[in-house]
Amino acid sequence: MMYKQIECPTCGNVTTAKSIHEPQKCQWCRRLFKVTITKRNTNGKKGKFSWSAEPVDFEEDHQPRPRIRSLSDYRNEDIYGK
């Protein structure tokens, strides 16, 4: 696994990135970013890589919120019994 100090695409601070294809967190702003690694020197002996980071949005939870019920929604039997 390779590590490199890159600039965060969101806040601009220098952070450590790993050479994985999964989203990673910036250690300063805690936002997600994804690293793309391309090989610059394809026919040379020593491989040189170009690292580029792009921001990733947080996944939004689209579940409906539960409806808050008030006391008038219940009947007397539900509260006090029969």
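Each remark here, short or long, concerns the structure printed above.
The notes below deal with the structure included here. (Residues numbered from 1 in each chain as written. Predicted model: local features only at pLDDT ≥ 70, side-chain atom pairs only at ≥ 80, totals over all residues. Heavy atoms only, no water.)

Observations regarding the pairing of strand β2 (residues 14-18)
Burial along β2 is one-sided: the residues Thr15 and Ala17 are buried and none of Val14, Thr16 and Lys18 is. Pairing analysis gives 5 bridges linking strand β1 (residues 3-7) to β2, with the strands arranged antiparallel. Within the sheet, the bridge partner assigned to Glu7 lies in β2 and is Val14. What sits between β1 and β2 in their antiparallel hairpin is a turn of 6 residues, with Gly12 showing a positive phi close to 90 degrees. (Buried < 20%, exposed > 50% of the residue type's maximum accessible area, 1.4 Å probe, protein only. Helix = DSSP H or I, 4+ residues; strand = E, 2+ residues; numbered from the N terminus. Pairing = 2+ DSSP bridges.)

Section: unusual backbone geometry
Despite not being glycine, Arg30 shows a phi value in the positive range, around 60 degrees. A relative accessible area of 48% means that Arg30 is categorised as partly exposed.

Brief notes about the side chain of Gln24
Relative to the elements of secondary structure, Gln24 occurs in strand β3 (residues 24-25). Take Gln24: its relative accessible area is 7%, and that puts it in the buried class. Only 3.0 Å separates the side chain of Gln24 from the backbone oxygen of Lys18, close enough to count as a polar contact. For Gln24, the residues in contact, after removing those within four places along its chain, are Thr16, Ala17, Lys18, Arg31, Leu32, Phe33 and Val35. (Polar contact = N/O pair within 3.5 Å; in protein donor to acceptor, adjacent residues only side chain to side chain. Contact = heavy atoms within 4.5 Å.)

Describing the side chain of Thr15
Relative to the helices and strands, Thr15 resides in strand β2. Not counting chain neighbours up to four residues away, the residues in contact with Thr15 comprise Lys4, Gln5, Ile6, Cys8, Cys26, Gln27 and Phe33.

Some points on the environment of Asp57
The residue Asp57 is located in the loop between β5 (49-55) and α1 (76-80) in this model. The class for Asp57 is exposed, based on a relative accessible area of 64%. Taking C-alpha positions, Asp57 is 9.8 Å from Pro23, a pair spaced 34 residues apart along the chain.

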